[in-house]
Amino acid sequence: MSDALNVLVMGGRTKGFHDFAEMAPIYEAFLVAAGFKVKITEDRDDFLAERIKDFDAIVDYTTGEELSPTQAGGLIGHIVSGHGFVGVHSAADSFKNSQAYMRMVGGVFLTHPPTIPHTFKVTKPDHPCMVGVEEEFTMPEELYLMDYLTDFDTLMVTEFNSFRLPMAWVKPYGFGRIFYTALGHGAPQHANPNFQTMVVNAIRWSSEAKAVRAKCKEIGGW
């Protein structure tokens, strides 16, 4: 277990929707089962540089609020230096006082229609984040309509109002790796095997950024 990836799961503090008291046990169960060392928290000070430094990947399931400059700086600096960030659903509706955070995620929430079943299609089934995820599946979801802020590689889509919307993507951020999925509104979505497989894969894939940076340093003689 000493080689297990060290994962910080940052939760939101909402009630009635995206309720982290309900979601936290789900995260702990499936991430520990995957072999990760997991810390579940709602303390934004866990983003501070001295606290975040030992985590290989950050899973963000927050909603709204703001980050102080030192909290945002700790999180952004950690990812840029060669670590993983896995944003889930309302992570794209969080910390809007930080332009760097929003651009790191790659998109920002605008609105959503009622939660109804949608069909999700994997566009890059060979990507490490999508291995084991059904190439097409249907489940109820709070469909995020978003403003896309940066370029990214789309891994999953759905159709809405005659448009093809990205539902999961990856992108680099400094030496770090970013994964975001718009899936994950509530407990039924978190319990879905496709969702869990995707998040587990994303943690492993994004955490590889640390080894890539180490290799760059070796080659470059830093």
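Each value, and the rule that gives it
- Residues numbered from 1 in each chain as written.
- Predicted model: local features only at pLDDT ≥ 70, side-chain atom pairs only at ≥ 80, totals over all residues.
- Heavy atoms only, no water.
- Helix = DSSP H or I, 4+ residues; strand = E, 2+ residues; numbered from the N terminus.
- Rg over C-alpha atoms; globule rule 2.2 N^0.38 Å.
- Buried < 20%, exposed > 50% of the residue type's maximum accessible area, 1.4 Å probe, protein only.
- Contact = heavy atoms within 4.5 Å.
- Areas by Shrake-Rupley, 256 points an atom, 1.4 Å probe, with all protein chains shown as cover.
- Lys, Arg positive; Asp, Glu negative; His and termini not counted.
- Charge placed at Lys NZ, Arg CZ, Asp CG, Glu CD.
- Expected span 1.5 Å × (residues − 1).
- Polar contact = N/O pair within 3.5 Å; in protein donor to acceptor, adjacent residues only side chain to side chain.
- Salt bridge = Lys/Arg side-chain N within 4 Å of Asp/Glu carboxyl O.

Caption draft 1: Looking closely at the overall build of the chain. Within the chain, the regular secondary structure consists of seven helices and eleven strands. For the chain, whose C-alpha radius of gyration is 16 Å, the value lies close to the compact-globule estimate of 17 Å for 222 residues. C-alpha extents for the chain along the principal axes are approximately 50 × 35 × 35 Å. Counting across all 222 residues of the chain, residues that qualify as buried make up 55%. Pairs at least 24 apart in sequence give 70% of the contacts found in the chain among residues at least 6 apart. As presented, the chain carries roughly 9,700 Å² of accessible surface, and 54% of it is formed by carbon and sulfur atoms. In the chain, which carries 19 positive and 27 negative side-chain charges, the distance between the mean positions of the two groups comes to 6 Å.

Caption draft 2: Fine view of helix α6 (residues 193–207). The end-to-end C-alpha distance of α6 is 21 Å, a good match for the 21 Å that 15 residues give at a rise of 1.5 Å each. Judged by how many residues are buried, α6 sits mostly within the fold: eleven of 15 residues are covered. Residues of α6 that are buried include every one of Asn-194, Phe-195, Met-198, Val-199, Val-200, Asn-201, Ala-202, Ile-203, Trp-205, Ser-206 and Ser-207, and no others. The opening residue of α6, the one whose side-chain oxygen lies 2.8 Å from the backbone nitrogen of Asn-194, is Asn-192.

Caption draft 3: Region of interest: the pattern of salt bridges. Across all of its chains, the model carries seven salt bridges by this definition. Here Asp-93 and Lys-96 are joined by a salt bridge, their closest N and O atoms 2.7 Å apart. The exposure class assigned to Asp-93 is buried, which follows from its relative accessible area of 17%. A salt bridge links Arg-177 to Glu-208; the shortest N-O distance between them is 3.1 Å. With Arg-177 in strand β11 (residues 176–181) and Glu-208 in the loop between α6 and α7 (209–220), this residue pair connects regions lying 31 residues apart in the sequence. Glu-208 gets classed as partly exposed once you look at its relative accessible area, which sits at 42%. When salt bridges with common partners are traced through the structure, they connect Lys-39, Asp-43, Asp-46 and Arg-51 into a single cluster.

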